[in-house]
Structures are given as C-alpha cells and as structure tokens.
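One-letter residues, chain by chain:
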Amino acid sequence: MEKTRREFLKQSLLGGAGITLTAMGMPASSYARILGSNDRVNVGLVGFSDRARQALLPCFFANNKELNFDMIAVSDIWKRRREEGKAFLEGKAGHSVQAYINNDELYRNKDLDAVIIATADFQHAYHTIEAVGNKMDVYCEKPFAETMEEARAALKVVKGSGKIFQVGTQRRSGPSYHAAANFIKEGKFGPITMVEMTWNVNQPGRWRRPELVKQIRESDTDWKRFLANRPQDNWDPRKYLEFRLFWPYSSGIFGQWMTHQIDTVHWFSGLKHPRSAVANGGIYVWKDGRANADTLTAVFEYGPDDDPKSGFQVMYSSRFHNSAGGIKEIYYSNGGTIDMDSNKISPTGGLREREAQEMGLHANLLPEQTLTTSSTKAETSANTGGDALTNGHVRNWMECVRSRKQTNAPIEAAYSHSIALIMGNAAYRSGEKATFDEATQEVMVGGKAFKM
C-alpha cells in the first residue's frame, strides 16, 4: 500500500499529471452523482489541528444538521491529536467516530464522501491530490501550495476530477467583499490604481507551541509521513508543531496571511497573478530560532498581459511586534477609495471636479456609501473561532457538495493565490525581482525557476 500511495502521489506531483479519476479506472458515473436532498454526506477530518478544532469544526457543526452532513472519521499521524480528535468529534456528533493512524487507512472507509483538510501548510496540495484520487470532495485550508510543482499537479488533478473543491480563503464568502467585487466589476469604481494591505499584530507566541514541543515524541507520530514530499530531515518537534516558522514547511507571513488579502486582488481585478514582485524583511524582534521573517514588506505589480503599460501596484506589509494599524485593505482609483475595514466606498483622495476641468479631464468622484448593512471584519487573533466569514465559507462548500455548483473559492482561486505567495517568497529569499513565466507556469528569479 505504501509503495502504491507514494508512486501515485509522486506521479501527480511530477506533473505527469495526466492523472484523473477516469485514468485511474473509475468511470465518470462514479463521480457524476448528484446527491439527493435526503442523502447524508459523510465527512472525514484530515488533521485535528488548532484551526480545525477552533474554527472549521464549529462552523461545520453549526450547519451539518440542516444540510444533512455527518462527521464520521478523523485521520492524524500523531497519537495525541488522533485521540483528542476522536473524543472531540464524538462529543459534537453524538456517536462513535473512527480514528485512523494515516490517510491510507482513512480512505479504506468506503462510506466517506468528502474530507476537510487542516494539516500543515506544505501538505495541503499533497493531501488534496490524495483525497481527490480517492473520490473525495474537498475543503482545504489555505495556503494551497508553497511550490509551483505542487500547485500545477494539484490544479490538474482537481480540474480533471469532477469533485467539489473549496480553498479556505473565507473573504470570498463575505457579503461586503461580494459587494466590493460587484461594484468594481460593474465599472462604477473605475480602474484600480493602487492597493494597500497590512496585517499587523503584537503576538510573540504567534505560531509557537512550546508546551507541546516539550511533550511530543517521535515514537508517537510518523515523521517520515509528515515530511511528505519535502526533503528528508532529522526529527525536529519544532518543525512538526511550529512549522509556520520554518521554510520549506511554510512561507510564513506570505502563506498564512497574505494569501487572504492578495486573493481579493485577483477576485476584484479578474487578474490571475502578479506581473512581478519585490520583497524585503527579516527577523528583527522574535529571535527564538525561527527561520521565517517576523516583518515583511512586498510590492507587486499587476496588469493585463496584452497591455504592459497599464496596471497597478499592490503594497503588502506585515509585522508581528506592533499591532498599530491592524488589518488594512484599501483599494484606490482616480475617483476615490474602497476601504474594506470601514465597510465604506468614499470619494476620499479622488480627483476633484475643478482640478479635472483645469486639466481638461473628466472627474469620476465616487459617492459616499456603505458596502453592506452588516460589516464583517476579518479576525486577527490566533484563534478566530467560528467567525462569520469562515462559517459562510464552510457552509458554501457544504451547499455546493449538494448542488454540485462551483464554490466561492474554487481550485483556480487556490492556484492564483499560490502563484502570488510563491512570487513573494521567491523575491524575499533571493533578494531579486520575481516574475511569472506564463508558458512554463514557473515563478522566475535571476533567469531561473524558483525552487525549494
């Protein structure tokens, strides 16, 4: 079984990548089934992580009875998490839940219809390929992929499968974000000229798990399986539990935080990825052995491929050591601004009529208005809980599993945010400008494709 599993995943990740469910000998009828309203959808959890316990599962159980979903299994390679997951899920579901030592065992359960993937950053694309290959619909936490090789392979597998997929960029299920997207796409805002984004916290313990690091033992987990498609490495409990602090297990700020905000740029503009990226930063405050930056600033250029003289700039900055400014997402045009944090469209900064007339131009000053009657702000705390954005996103996935309609954040959105985060990471780690080669679908720095 181990050999078969690894050969399957290796083939997919190398982009031999012609793998589809039909190619695996599964007839199209096996995945074209549309669930009836009375059919229960059985879900398994891949990874009983903090994110799963604190946010995804509360949202799932807030909707499962109404939509006739059930949670019947959990897979986790760490004995402690596996046992905790089983107990937690049985308390929520009100019945016995099967715990599996790994995903090979999980996918032998023929009653499963779908999975929620909440594993380490670098494992998301890998586990998506595995799940779709086993005929599962998938809700996958972000970031989707940290290398282009993984991103391309997973994109091809999902697109060829007929399965329902949602990536966890939950802004796509927020009413105010839909209102902003519609306002821009209807031409009311005018061309985007600049986007400013920040994500600032003062949290020395962010992504740290010191007590668990002391408690975990290699004998209680499967380190080799944890590494998945990463290079072989010696056992390190910090990399296992604090993976967000270490490349190549995570790109840190780019993958964890920037993906949410840069995803809205792709959505609002209709552009698939940046033209270029430059970045700078470092570990300036929290010198605790981490390898990923605690402070980063990146600048991206966006624009249509067929018109290199038009476009706009996106400036993204984040710091862990001073929370002033918090989260900021502001879109600018010549006529004003859209401020996602204040839930407002306004003429702030727009070209005034008199100034326009003096230059022989037309002023398109925006009217002051509210995006939605109920603003839903993004949560900056480590534990977001079952917040409204995540609840809406999980529910959207569940509804689409039933209707077989496209989710709010489909595989194409996951692929696009992966390109942007990889470009940012490549620029930061190389100190050079990163670009994207459309023909090869590779992120380029210094004339070469960026690799781990």
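Here, every reference points to the structure presented above.
Computed from a prediction, not measured in an experiment: that's the story for all the values here.

Enquirer: Honestly, the overall build of the protein in this entry has me stumped. Any pointers?
Expert: Across its full length, the protein carries 14 helices and 17 strands. Out of the 452 residues in the protein, the part that is buried amounts to 58%. Counting contacts in the protein only where the partners sit at least 6 residues apart, residues at least 24 apart contribute 74% of the total.

Enquirer: Looking at this structure, I do not really get the sheet that holds strand S1 (residues 41–46). What am I missing?
Expert: Sheets are built from strands paired through backbone hydrogen bonds, the pairs being either parallel or antiparallel. Pairing within the open sheet is parallel, and its six strands lie in the order S3-S2-S1-S4-S5-S6. Looking at the sheet topology across the chains shown, the edges are occupied by strand S3 (98–100) and strand S6 (165–167). Adjacent strand axes in the sheet meet at a mean angle of 20°, parallel and antiparallel pairs treated alike. Taken together, the six bridges between S1 and strand S2 (residues 69–75) define a ladder with parallel strand orientation. Across the sheet, Leu45 pairs through a bridge with Val74, a residue of S2. Strand contacts of helix H13 (residues 388–403): S1, S2, strand S4 (114–117), strand S5 (137–140) and S6, with the helix running at about 170° to S5, the strand carrying the most contacts.

Enquirer: Teacher, can you tell me more about the environment of Met71 here?
Expert: Mapped onto the elements of the fold, Met71 is located in strand S2. Accessibility expressed as a relative area gives 0% for Met71, which makes it buried. Aside from chain neighbours lying at most four places away, what touches Met71 is Val43, Gly44, Leu45, Leu57, Phe60, Phe61, Leu89, Ala93, His95, Val97 and Ile116.

Enquirer: Is there a simple way to explain the nonpolar core in this structure?
Expert: As a rule of thumb, soluble globular proteins bury nonpolar side chains together. Grouped together as the largest cluster of nonpolar side chains are 102 residues, with contacts concentrated most on Phe144 and Ile338. At eleven residues, the largest contribution of residues to this core is made by helix H14 (residues 411–430). For this core, the domains that each give at least three residues are domain 1 (41–170) and domain 2 (172–381 + 412–449). When neighbours within four sequence positions are excluded, Phe144 is seen to be in contact with His124, Ala125, Thr128, Ala154, Phe165, Val167, Ile411, Ala414, Tyr415, His417 and Ser418.

Enquirer: How should helix H6 (residues 148–159) be read in this particular structure?
Expert: Under the 1.5 Å per step criterion, the end-to-end length of H6 is 16 Å for twelve residues, consistent within 8% with the ideal 16 Å. Listed as buried for H6 are Met148, Glu150, Ala151, Ala153, Ala154, Leu155, Val157 and Val158.

Enquirer: How should I be thinking about the packing of helix H7 (residues 175–185) against helix H11 (residues 253–269) in this particular structure?
Expert: When two helices pack together, their arrangement is given by the angle between the helix axes and the distance between those axes. Close contact between H7 and H11 brings their axes to 8 Å; oriented N to C, the two are set at 40°. Comparing their axes, H11 and H7 come out oblique. On H11, the residues touching Tyr177, His178, Ala180, Ala181, Ile184 and Lys185 of H7 are Thr264, Trp267 and Phe268. The class makeup of the residues in the contact of H7 with H11 is six nonpolar, two polar and one charged.

Enquirer: How should I be thinking about the packing of aromatic side chains in this particular structure?
Expert: For any pair of aromatic rings, the description consists of the separation of the ring centres together with the inter-plane angle of the planes. On inspection of all chains with the given rule, the structure shows 23 aromatic pairs. A ring pair is formed by Phe69 and Trp397, whose centres lie 6.4 Å apart and whose planes are at 55°; its orientation type is tilted. Residue Phe69 is located in strand S2, and its partner Trp397 is located in helix H13; the two are separated by 328 residues in the primary sequence. Of the residues examined, Phe69 reaches a relative accessible area of 3% and is grouped as buried. Put simply, the rings of Trp78, Phe122, Trp223, Phe226, Trp235, Tyr240 and Tyr249 pair up and form one aromatic cluster.

Enquirer: Would you mind going over the sheet that holds strand S13 (residues 344–346) with me for this structure?
Expert: The sheet built from eleven strands is open, its strands ordered S14-S13-S12-S11-S7-S10-S9-S8-S15-S16-S17 with mixed pairing. Each edge of the sheet is formed by a strand with only one pairing partner; in this case those strands are strand S14 (369–370) and strand S17 (448–449). Examined bridge by bridge, strand S9 (residues 295–302) and strand S10 (residues 312–319) share eight bridges and lie antiparallel to one another. Its bridge partner lying in S10, Thr295 is registered against Arg319. Sitting on the sheet, H11 is in contact with strand S7 (194–200), strand S8 (276–282), S9, S10 and strand S11 (327–333), with an inclination near 155° to S10.

Enquirer: Looking at this structure, how should I read H14?
Expert: One full turn of an α-helix is made of 3.6 residues, so residues set three or four places apart face in the same direction. The terminal C-alpha atoms of H14, which comprises 20 residues, lie 28 Å apart, in line with the 28 Å expected from a rise of 1.5 Å per residue. In terms of burial, H14 is a largely internal element, 17 of the 20 residues being buried.

Enquirer: I tried to follow the environment of Ala427 on my own but got confused; where do I start?
Expert: Here Ala427 is to be found in helix H14. In this structure, the C-alpha to C-alpha distance between Ala427 and Val445, residues 18 residues apart in sequence, is 7.2 Å. Apart from residues no more than four positions distant in its own chain, Ala427 is found in contact with Ala277, Val278, Ala279, Glu432 and Ala434.

Enquirer: Just to check I follow, could you spell out the side chain of His393 for this structure?
Expert: Looking at the secondary structure, you find His393 in helix H13. By relative accessible area, which is 0% here, His393 ends up buried. If we ignore the near neighbours within four places in the chain, the residues touching His393 are Tyr139, Gln166, Val167, Gly168, Thr169, Gln170, Arg172, Ser173, Asn408 and Ala409.

Calculation rules
Residues numbered from 1 in each chain as written. Predicted model: local features only at pLDDT ≥ 70, side-chain atom pairs only at ≥ 80, totals over all residues. Heavy atoms only, no water. Helix = DSSP H or I, 4+ residues; strand = E, 2+ residues; numbered from the N terminus. Buried < 20%, exposed > 50% of the residue type's maximum accessible area, 1.4 Å probe, protein only. Contact = heavy atoms within 4.5 Å. Pairing = 2+ DSSP bridges. Axes fitted to C-alpha atoms, helices over the stretch in contact; angles between N-to-C directions. Core = buried A, V, L, I, M, F, W, Y, C linked by side-chain atoms within 4.5 Å. Domains from an automatic or database assignment. Expected span 1.5 Å × (residues − 1). Parallel < 35°, antiparallel > 145°, perpendicular 65-115°, else oblique. Nonpolar A, V, L, I, M, F, W, Y, C, P; charged D, E, K, R; others polar. Phe/Tyr/Trp six-rings, centres within 6.5 Å; stacked < 30°, edge-to-face > 60°.

Everything listed here is a matter of geometry and, on its own, says nothing about what the molecule does.
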